[in-house]
Amino acid sequence: MDLHLFAAPLQGLTDYHFRNAYARYFGGIESYFAPYIRLDNDRQINSSTRRDLLPANNSCIPLIPQVMSRNADEMLYLASFLEEMGYTTMDWNLGCPYPMVAKRGLGSGMLQEPQRIAEVLRQVVQNTPLKVSVKMRLGYEHPDEILSILPLLSNLPLKYITIHPRIGKQLYKGEVNLDAFAACLELCPHPIVYNGDIHTYGQFQELSDRFPSVSRWMLGRGLLFNPFLPEMIRQKQAGLPPDWLCTFTTFHNQLLENYTQTLSGDSHLIQRMQSFWDYFSALFPHNKKELKRIIKARNRAEYHAGLALLFKAQ
Ligand SMILES: Cc1cc2nc3c(=O)[nH]c(=O)nc-3n(C[C@H](O)[C@H](O)[C@H](O)COP(=O)(O)O)c2cc1C
């Protein structure tokens, strides 16, 4: 069976700077899902969103943009914006768990409205030439909520349904609910993408053993904890490649360079890089002291000093 690996959208992390640096030095990802976009109060799409999706900024990246809305008109407006940019697929975010979003009936906050979800999707698929996919959780309050939604979607022409088997209220805590995911597989005629807690090769293996009919997998934080993970999964190798440090360093420098071109001021740049180190740190489990220097750096000089110590310690 073909193996399809997708990169999950991570707002604030997997923007075009990250995607370009990543795709240059690491393989294995078939398509990247972009962090969600939405209309602001004036029904506008802001300039940083436009920049992130601009085809010129994603020329080597197979990209699937994602939208967030609870309203078919808005979705269609976003769809025509994406169509004008040359995109052919649009993903709908029904998974975001953050209370600020969910309390407004957006993201996972809409999962308690199965009829509305089906109606919005019906209107959207009938009125856009884009292919539409959906990324969702099991529910907001309860993992059974999805069981009322999937049957309503079965006649709609959806490209994929990505399921992250947690409920919105869990945020990212607690276990993924694999029994509930198994029940979804039974119910759904659409291609299902599994997403959630594939952070090591072993976790992928366990999941693919348990769900042999699943061929599509989405990796989110795992890609940042270990950027080599997709290639390790494809090669069926549990260990990092021998030259991992050299590849990681080159990738890191490219990422830094990409952000240097658009972020003004040391502190913006360093904070942005530090948000990646919340994840990259996992590659360096024995270097707490050196990592602390990086995480605490306040300017470029301190950041580079921390990096030099870390790389020297390997
Ligand atoms: C910081 C952060 C930002 C995220 N942004 C998005 C987003 O824009 N759209 C979306 O569908 N999911 C978003 N997610 C959820 C991830 O795409 C993914 O579903 C989740 O992290 C679980 O998968 P993982 O265990 O492979 O990371 C975000 C998650 C995190 C931690």
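Predicted model only: the values in this text are computed from it and were never measured.

Quick notes on the rules
Residues numbered from 1 in each chain as written. Predicted model: local features only at pLDDT ≥ 70, side-chain atom pairs only at ≥ 80, totals over all residues. Heavy atoms only, no water. Helix = DSSP H or I, 4+ residues; strand = E, 2+ residues; numbered from the N terminus. Buried < 20%, exposed > 50% of the residue type's maximum accessible area, 1.4 Å probe, protein only. Contact = heavy atoms within 4.5 Å. Core = buried A, V, L, I, M, F, W, Y, C linked by side-chain atoms within 4.5 Å. Domains from an automatic or database assignment. Buried area = accessible area lost by both parts, 1.4 Å probe. Salt bridge = Lys/Arg side-chain N within 4 Å of Asp/Glu carboxyl O. Polar contact = N/O pair within 3.5 Å; in protein donor to acceptor, adjacent residues only side chain to side chain. Nonpolar A, V, L, I, M, F, W, Y, C, P; charged D, E, K, R; others polar.

**Student:** For this particular structure, what's the right way to read the environment of asparagine 195?
**Tutor:** By the secondary structure assignment, asparagine 195 is in strand 7 (residues 192-195). A residue is classified by how much of its surface remains accessible, and asparagine 195, at 8% relative accessible area, is buried. Taking the C-alpha atoms as reference points, asparagine 195 and valine 124, separated by 71 residues in sequence, lie 24 Å from one another. Setting aside residues no more than four positions away along its own chain, asparagine 195 makes contact with Ala8, Lys135, Thr162, Ile163, His164, Pro165, Met218 and Gly220.

**Student:** Whenever I open this one, the nonpolar core confuses me. Can you help?
**Tutor:** It is characteristic of soluble globular proteins that their nonpolar side chains tend to be buried jointly. Counting 96 residues, the largest nonpolar core has Met136, Phe248, Trp277 and Phe284 as the members making the most contacts within it. Counting only domains with at least three residues in this core, you end up with domain 1 (4-235) and domain 2 (244-312). When residues no more than four places from it in sequence are discounted, the contact partners of tryptophan 277 are Phe248, His252, Phe284, Leu291, Ile294, Ile295, Tyr303, Leu307 and Leu310.

**Student:** How should the domain arrangement of the protein chain be read in this particular structure?
**Tutor:** How big an interface is tends to be expressed through the accessible area that disappears when the partners come together. When the domains of the protein chain are assigned, the result is domain 1 (4-235) and domain 2 (244-312). Averaged C-alpha coordinates put domain 1 and domain 2 at centres separated by 28 Å. On the side of domain 2, 18 residues touch domain 1, which itself brings 18 residues to the contact. Between domain 1 and domain 2 the total buried area reaches about 1,600 Å² when both faces are included, carbon and sulfur atoms providing 74% of it. Counting the contacts that link domain 1 with domain 2 gives one salt bridge. At the junction of domain 1 and domain 2, the tally comes to six residue pairs in polar contact (both at pLDDT 80 or more). The greatest single-element share of the side of domain 1 that touches domain 2, amounting to eight residues, is contributed by helix 1 (residues 16-25). Residue composition of the side of domain 1 that touches domain 2, grouped by class: eleven nonpolar, four polar and three charged.

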